[in-house]
Amino acid sequence: MMAKTSKERISAAHAYAMTRPAIIPAGSWPRRMSAGTAAAYCGESTVEAFLKRVGKEYPRPRVKEGRRQLWLKDDLDRAIAPDMVPGDLAEDL
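Since this is a predicted model, take the numbers as computed values, not measurements.

Cut-offs and rules
Residues numbered from 1 in each chain as written. Predicted model: local features only at pLDDT ≥ 70, side-chain atom pairs only at ≥ 80, totals over all residues. Heavy atoms only, no water. Pairing = 2+ DSSP bridges. Helix = DSSP H or I, 4+ residues; strand = E, 2+ residues; numbered from the N terminus. Contact = heavy atoms within 4.5 Å. Axes fitted to C-alpha atoms, helices over the stretch in contact; angles between N-to-C directions. Phe/Tyr/Trp six-rings, centres within 6.5 Å; stacked < 30°, edge-to-face > 60°. Buried < 20%, exposed > 50% of the residue type's maximum accessible area, 1.4 Å probe, protein only.

**Considering the sheet that holds strand β2 (residues 63–65)**
Reading across from one edge, β1-β3-β2 is the order of the three strands in this open sheet, with antiparallel pairing throughout. The sheet terminates laterally at β1 (32–33) and β2, the two strands that pair on one side only. Pairing of β2 with strand β3 (residues 68–72) involves three bridges; the strand directions are antiparallel. Bridged to Lys-64 within β3 is Gln-69. Relative to β3, helix α4 (residues 73–80) is tilted by about 55°, and along the sheet it contacts β1 and β3.

Below, the structure is given as structure tokens:
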């Protein structure tokens, strides 16, 4: 029996590694949301419908890192119900 090389051991370890899905507990929403999550939060039927309204009815994403774009829950809340949300909570972070 031949000993495995370090590359073979790493490949074998990756083959057995399990990924863990990100889970949002029922009844809660994350503070930072992808376009899909933000669309659902705002009650839009599709991501495309949400994105068409970004910059008009909905805010632009607060986090932009390359292709990664994230909307803050506080920003979306202010767009949906401006009278119910106090100032910019995100700036206090």
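**Comments concerning the pairing of β3**
Of the pairings in the sheet, the one linking β1 to β3 comprises two bridges and is antiparallel in character. Residue pairing in the sheet places Arg-32 in a bridge with Leu-72 of β3. Here β2 folds back onto β3, and the loop between the two strands holds two residues, one of which, Gly-66, carries a positive phi near 65°.

**A word on the packing of aromatic side chains**
Taken as a whole, this structure holds three aromatic pairs when the rule is applied. Ring geometry for Trp-29 versus Tyr-41: centroids 5.0 Å apart, planes at 75°, classification edge-to-face. Of this pair, Trp-29 sits in the loop between α1 (6–16) and β1 while Tyr-41 sits in helix α2 (residues 35–42), placing them 12 residues apart in sequence. Trp-29 gets classed as partly exposed once you look at its relative accessible area, which sits at 38%. Ring pairing ties together the aromatic residues Phe-50, Tyr-58 and Trp-71, which thus form one cluster.

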